[in-house]
Amino acid sequence: MELRQCALDCLAIQSPAEKVQAVSALQEQYSNQKISLSSNSEIPLNQAIPGLPNKPELVSPREVKHRAMNTDEGRAAMIHALAHIEFNAINMGLDATWRFADMPKEYYGDWLKVAAEEAYHFELLNQHLQSHYRVSYGDFPAHAGMWDMARQTELDVVARMALVPRVLEARGLDVTPAMILALRQQGDSKGADCLQTILDEEVRHVGLGTYWYRQACRMQGLEPETHFLDLLKTSRVARVRGVLNIRARQQAGFSQFELDQLALLASPGEGKKSTGVIN
């Protein structure tokens with residue numbers, strides 16, 4: 001059994017429950033040194049990825065309805081959307097583990113652990129949906145475009161580390177505090193606790209993205225700060241809008257230059273005044 005091949009096999013699993021179980025078992029086996037690693041070999045892709053369940057129905061972002069937090073249905077839909085993000089994050093972690101050859105050994109262990117922690121996050125949210133709202137993952141439509149960034153960056157580990165953990169996942173650091181507050185105000189303290197657990201661990205995940213982004217830049221002779229800005233300008237990624245969680249992003253390794261540039265890019269022509277901060 002070889003780690004990267006096993007990660008690819010997990011990525012192809014369609015059932016969320018089976019994927020969660022398989023990823024958790026793989027992480028445990030690898031941490032107990034029961035699985036080898038071949039970091040310099042090309043792993044052939046001979047199966048459909050990512051494995052997706054029949055539900056939820058996948059629709060364009062414009063078809064996802066606004067979620068009113070003052071109703072049970074709205075809160076359930078919001079938590080379901082977060083569960084969908086976590087399910088995709090499992091796939092992203094597995095994809096980062098199998099896809100890129102010739103990275104240091106620690107890289108593969110880090111992204112497998114991230115995938116296992118995302119599986120735990122998914123389970124937290126799905127169990128809360130079932131126990132508190134009497135719905136399950138798959139009962140609401142979900143965003144269809146979340147794998148797009150994996151496709152955009154499938155040939156470049158530098159771009160993958162920059163744009164998945166440091167852009168897509170980092171946006172969760174910005175928006176989750178407001179969702180935690182809203183859930184507490186609406187009486188769903190258990191849901192708020194779930195999101196707080198996820199937020200605390202996502203800071204570390206984004207930090208790993210920062211670390212491996214900079215390591216990959218050094219391996220390719222790139223200057224990390226200016227290259228990050230170039231990727232933000234040239235990739236098909238939505239600009240950051242609204243609040244920036246400065247403290248969490250600093251904990252995750254963002255430099256002051258990067259934070260300043262994110263603020264300036266948030267609304268062209270308006271600069272930092274257009275973007276709030278959580279200090």
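As the structure is a prediction and not an experimental result, all values here were calculated from the model.

Trainee: Got a sec to walk through empty space enclosed by the protein? Specific residues and values, please.
Mentor: For the coordinates displayed, the defined rule picks out two cavities of 30 Å³ or more. Size it by volume and the largest cavity reaches roughly 60 Å³. Surrounding the largest cavity, A89, M92, G93, A96, W111, V114, E118, R160, M161, V164, P165 and E169 form its lining. Secondary structure elements with two or more residues in the lining of the largest cavity: α3 (72-99), α4 (105-133) and α6 (157-185). With five residues, α6 is the single largest residue contributor to the lining of the largest cavity. Grouping the constituent residues of the lining of the largest cavity by class yields eight nonpolar, one polar and three charged.

Trainee: Please set out the packing of α3 against α6 residue by residue, giving values where relevant.
Mentor: Taken N-terminus to C-terminus, the directions of α3 and α6 make an angle of 155 degrees; their axes are 12 Å apart at the nearest point. One element, α3, and the other, α6, form an angle in the roughly antiparallel class. The handedness of the crossing between α3 and α6 comes out as left-handed. Mapping the contact onto sequence places R75, M78, I79, L82, M92, D95, A96 and R99 in α3 and R160, M161, V164, M179 and L183 in α6.

Trainee: How would you explain the environment of A159 if you had to name every residue and give the values?
Mentor: Of note, A159 is situated in helix α6. Look at A159 and you get buried, because its relative accessible area is 7%. Distance in space between the C-alpha atoms of A159 and L112 is 19 Å, their sequence separation being 47 residues. Apart from residues no more than four positions distant in its own chain, A159 is found in contact with T153, V164 and L231.

Trainee: Explain the environment of K19 to me, and be specific about the residues and the numbers.
Mentor: Locating K19 in the fold gives a position in helix α2 (residues 16-31). In this structure, the C-alpha to C-alpha distance between K19 and D9, residues 10 residues apart in sequence, is 9.6 Å. If near-sequence neighbours (up to four positions away) are discounted, K19 is found in contact with C10, L11, A12, I13, G51, F87, I90 and N91. Polar side-chain contacts of K19 include one of 2.8 Å to the side chain of N91.

Reading the values: rules and limits
- Position numbers for residues start from 1 in each chain and track the written sequence from start to end.
- Given that the model is predicted, a residue must reach a pLDDT of at least 70 before its local features are reported, and side-chain atom pairs must reach 80 or more before they are shown or counted; all residues, however, enter totals for whole chains, interfaces and linings.
- Computation of side-chain values covers all heavy atoms of the structure but excludes hydrogens and water.
- Residues are said to line a cavity or pocket when one of their atoms sits within 4 Å of a point; the points come from a 1 Å grid over protein atoms alone, cavities being sets where a 1.4 Å probe fits but cannot get out and pockets being open sets with protein on both sides within 12 Å along at least five of seven lines.
- Grid points are joined across faces, edges and corners, and a volume is the space filled by probe spheres set on the points.
- The helix and strand labels rest on DSSP assignments: H or I over at least four residues marks a helix, E over at least two residues marks a strand, and numbering proceeds from the N terminus.
- Classification convention: Asp, Glu, Lys, Arg as charged; Ala, Val, Leu, Ile, Met, Phe, Trp, Tyr, Cys, Pro as nonpolar; all other residues, Gly among them, as polar.
- Convention adopted: a line fitted to C-alpha atoms gives each axis, helices being fitted over their contacting stretch, and angles between N-to-C directions are expressed from 0 to 180 degrees.
- Relative orientations are named as follows: roughly parallel for angles under 35 degrees, roughly antiparallel for angles over 145 degrees, roughly perpendicular for angles from 65 to 115 degrees, and oblique for any other angle.
- Left-handed describes a crossing whose near helix is turned anticlockwise from the far helix through less than a right angle; right-handed describes the clockwise counterpart.
- By definition in these notes, contact holds between two residues if any of their heavy atoms fall within 4.5 Å.
- In this scheme, a residue with accessible area under 20% of its type's maximum is buried, one over 50% is exposed, and one in between is partly exposed, where area comes from a 1.4 Å probe on protein chains only.
- Definition of a polar contact: a pair of N or O atoms within 3.5 Å, with one able to donate and the other able to accept a hydrogen when the atoms are protein atoms, and with sequence-neighbouring residues admitted only if both atoms are side-chain atoms.

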